[in-house]
Amino acid sequence: MAKLSDLFKFQACRRPLLVSVPHAGIRMPESIAAQLSSEASILPDTDWFVNRLYDWAPDLGAGLITANYSRYVIDLNRPPDDAALYQSETPGLVPVRTFSGAPIYKRAPPDAVEVQSRISEYWQPYHDAIRNELERMCTQYGYAILFDAHSIRSQVPALFRGILPDLSLGSYEGRSAGPGLINAALGVLNGQDDFSHVKDGRFKGGFITRHFGRPDQGIHALQLEMSQTVYMREDPPQYDSEAALHVQEFLKHLITSLLDWRPGSD
């Protein structure tokens, strides 16, 4: 079993909000890397640099948890039973094809025993860490906010038509967070003209948002999916420092607004 510090980087919350970055990791165990196809070996479906986009969050008092391993090892934003999250086809718990449809493995994909091993070693510790921090925040502050941060190529024909909006806010159609918190986020999105945006469009929130978001129990969860063209060059992946600084200013405004929200202040 890997050490927790190898699996993810964790900085505890000093205010009641935790930012989760489950898909920016690029580490790959040698035993798995040896099985990957040439297309998959460059990890094309990574949420490139999202951990870098949010590295300022602890300065505001928010917590930050960022996975170190690639989603090709196991997708931390899928349920452990691999149940479908959307009506359209999406990659599974242990993906076997890239977003473009190329096979991830040169030969046979992992069997059920291997999948269970990866759940225990990589998936469960990340979710345990989130759950423990949310419970601690609820005890200390009376509520907790989880902000799940993602990015994706602006065009992925196998997953969706056309070009994505710059920003996609997911609230599981209002079920993963209280209306006041959702409105606080929408107020920031609607109050700017630099980035196109949508609420509960193609991305309504993955497993992390849906599973942990329990507003009736004081835990509120939102997901933000970002088009990678907003802050980077997509092919090949290259961080655009100037563009990233611009979107970071927006993200700081958004996170600050969520931190300023209080239950009952709607």
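Whatever comes next refers back to the structure up there.
Residues numbered from 1 in each chain as written. Predicted model: local features only at pLDDT ≥ 70, side-chain atom pairs only at ≥ 80, totals over all residues. Heavy atoms only, no water.

**Remarks on the sheet that holds strand 5 (residues 167-170)**
Operational definition: When DSSP finds two or more bridges between a pair of strands, those strands are recorded as paired. Strands are runs of DSSP state E lasting at least two residues, helices are runs of H or I lasting at least four, and both sets are numbered from the N terminus onward. Comment: axis = line fitted to C-alpha atoms, over the contacting stretch for helices; angle = value between 0 and 180 degrees taken between N-to-C directions. Note on contacts: a residue pair qualifies if any of its non-hydrogen atoms lie within 4.5 Å across the two residues.
In space, the seven strands of this open sheet follow the order 1-3-2-4-7-5-6, with mixed pairing throughout. Two strands lie at the open edges of the sheet, namely strand 1 (8-11) and strand 6 (197-199), each paired on one side alone. Direction aside, neighbouring strands of the sheet carry axes that sit 15° apart on average. Pairing geometry for strand 2 (residues 17-21) and strand 3 (residues 63-67), over four bridges, is parallel. If you follow Ser 20 over to strand 3, its bridge partner there is Ile 65. Lying on the sheet, helix 7 (residues 241-260) is in contact with strand 2, strand 4 (144-152), strand 5 and strand 7 (219-227); it crosses strand 7 at an angle near 170°.

**Re the pattern of salt bridges**
Spelled out, the test is: Basic side-chain nitrogens of Lys or Arg form a salt bridge, by our definition, when they fall within 4 Å of a carboxyl oxygen of Asp or Glu. Each residue is placed in one exposure class: buried if its accessible area under a 1.4 Å probe, protein chains only, is under 20% of its type's maximum, exposed if it is over 50%, and partly exposed if it falls in between.
Under the definition given, this model contains twelve salt bridges. Two residues, Asp 47 and Arg 71, come together in a salt bridge whose shortest N-O distance is 3.4 Å. You can see Asp 47 sitting in the loop between helix 2 (30-33) and helix 3 (50-53) and its partner Arg 71 sitting in the loop between strand 3 and helix 4 (112-141), a full 24 residues away along the chain. The same class applies to Asp 47 as to Arg 71, namely buried.

**Notes on the nonpolar core**
As a reminder of what qualifies: In this description, a nonpolar core means a group of buried Ala, Val, Leu, Ile, Met, Phe, Trp, Tyr and Cys residues linked to one another through side-chain atoms lying within 4.5 Å.
Membership of the largest hydrophobic core comes to 42 residues, with the highest contact counts inside it found for Leu 17, Val 19, Tyr 54, Phe 147, Leu 224, Met 226 and Tyr 231. Every element with two or more residues in this core is listed here: strand 2, helix 3, strand 4, strand 5, helix 5 (179-190), strand 7 and helix 7. Of all the elements, helix 7 adds the most residues to this core, at eight residues. Ignoring sequence-local partners within four residues, the contact set of Tyr 54 consists of Val 19, Leu 64, Phe 147, Ala 149, Leu 224, Met 226 and Leu 251. Ranked by size, the runner-up nonpolar core spans 38 residues in total, among them Phe 8, Leu 134, Met 137 and Ile 208.

**Comments concerning empty space enclosed by the protein**
To keep things clear, this is the line we draw: Every definition here rests on a 1 Å grid over the protein atoms only: cavities are sets of points where a 1.4 Å probe fits but cannot get out, pockets are open sets enclosed by protein on both sides within 12 Å along at least five of seven lines, and lining residues have some atom within 4 Å of a point. Grid points are joined across faces, edges and corners, and a volume is the space filled by probe spheres set on the points.
Inspection of the entire model under this criterion finds three cavities of 30 Å³ or more. Estimates place the volume of the second largest cavity at around 60 Å³. Contributing to the lining of the second largest cavity are Leu 7, Ala 67, Tyr 69, Ser 70, Val 73, Ile 74, Leu 76, Tyr 122 and Tyr 126.

**Some remarks on helix 4**
Just so we agree on the cut-off: Helix span is expected to be 1.5 Å times the residue number reduced by one. Note on bend: at a given residue it equals the angle between the axes fitted to the 7 residues ending there and to the 7 starting there.
With 30 residues, helix 4 should reach 44 Å at 1.5 Å per residue; the first-to-last C-alpha distance of 41 Å fits that figure. Along helix 4, the largest kink reaches about 40° and is centred on Ile 119. Taken from the residues just after helix 4, Gly 142 is the one with a positive phi, measuring 90°.

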